[in-house]
Amino acid sequence: MKILVINGPNLNLLGTREKGIYGDKDYEDLCDYIKESAKELNLEIEVVQSNYEGGIIDFIHNAYNNFNGILINPAAYTHYSIAIYDALKGINLPTVEVHISNIHKREEYRKKSVTAEACVGQISGFGFHGYKLGLQALKEII
Ligand code: DQA
């Protein structure tokens, strides 16, 4: 079972950006955590990141026929990218949305997720552990 993990803009700045919200571990630590979790769950994964909407859309298109499911943190695009929503709907692979912070406990504009409407479900507020929960959920679903 192959899962594509997609991380959106500014997640490469983990460890530097707003540590009170996202913690002090960096992006490499996140990738290590995801890879370790996948190993434990016996899942094949690829982890990618882009700061561009089009880059994320290309990753999604490329997942069609190559992966069984997607775990995505669209970061700020979560809240307004109809293009990413359309891409996820377009390929129709089981997808779980994940957020490090609890987006429902933050600014009003973060409470709405456009992209979650194209997903099986959303995990939000469990830090890096949310990625493991997302992989577990995908394994069950697929
Ligand atoms: C985030 C939450 C988003 O609102 C924010 O724009 C991010 C990260 C999270 O993982 O908590 O960049 O997706």
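Residues numbered from 1 in each chain as written. Predicted model: local features only at pLDDT ≥ 70, side-chain atom pairs only at ≥ 80, totals over all residues. Heavy atoms only, no water.

Peer 1: Is there a simple way to think about the UniProt feature "active site" (unreviewed entry) in the chain in this case?
Peer 2: UniProt feature "active site" (unreviewed entry): in the numbering of this structure it lies at Tyr-22 and His-99. Separation in sequence by 78 residues is not matched in space for these annotated residues, since their most distant C-alpha atoms are only 9.9 Å apart. Secondary-structure assignment places Tyr-22 in helix α1 (residues 19-22). Locating His-99 in the fold gives a position in strand β4 (residues 95-99). The residues touching His-99, leaving out its near neighbours within four places in the chain, are Asn-73, Pro-74, Thr-78, Gln-122, Ile-123, Ser-124, Gly-125 and Phe-126. A polar side-chain atom of His-99 sits 2.7 Å from a polar atom in the side chain of Glu-97. (UniProt positions renumbered as here; feature names shortened; annotations may be inferred. Helix = DSSP H or I, 4+ residues; strand = E, 2+ residues; numbered from the N terminus. Contact = heavy atoms within 4.5 Å. Polar contact = N/O pair within 3.5 Å; in protein donor to acceptor, adjacent residues only side chain to side chain.)

Peer 1: What is the right way to look at the side chain of Ser-124 in this model?
Peer 2: By the secondary structure assignment, Ser-124 is in strand β5 (residues 121-124). The exposure class assigned to Ser-124 is buried, which follows from its relative accessible area of 14%. A distance of 3.0 Å separates a polar atom in the side chain of Ser-124 from the backbone oxygen of Ser-101. A polar contact of 3.0 Å, which involves the side chain of Ser-124, links it to the backbone nitrogen of Ile-103. Each residue touching Ser-124, except ones within four places of it in the same chain, is listed here: His-99, Ser-101, Asn-102, Ile-103 and His-104. (Buried < 20%, exposed > 50% of the residue type's maximum accessible area, 1.4 Å probe, protein only.)

Peer 1: What am I meant to see in the environment of Leu-41 here?
Peer 2: Examined against the element boundaries, Leu-41 turns out to sit in the loop between α2 (27-40) and β2 (44-49). Look at Leu-41 and you get buried, because its relative accessible area is 11%. Through-space distance from the C-alpha of Leu-41 to that of Leu-71 is 14 Å; in sequence the pair is 30 residues apart. Each residue touching Leu-41, except ones within four places of it in the same chain, is listed here: Lys-132, Leu-135, Gln-136 and Lys-139.

Peer 1: Just checking my understanding: could you explain the site of the ligand for this structure?
Peer 2: For the ligand, the full set of nearby residues is Arg-17, Tyr-22, Asn-73, Ala-75, Ala-76, His-79, His-99, Ile-100, Ser-101, Ile-103, Arg-106 and Arg-110. Here an oxygen atom of the ligand and a side-chain polar atom of Arg-17 are 3.1 Å apart. Considering the ligand on its own, with 320 Å² of exposed area, one finds that the protein chains cover 99% of that surface. Across the shell around the ligand, the residue classes tally to five nonpolar, four polar and three charged. (Near = heavy atom within 4 Å. Areas by Shrake-Rupley, 256 points an atom, 1.4 Å probe, with all protein chains shown as cover. Nonpolar A, V, L, I, M, F, W, Y, C, P; charged D, E, K, R; others polar.)

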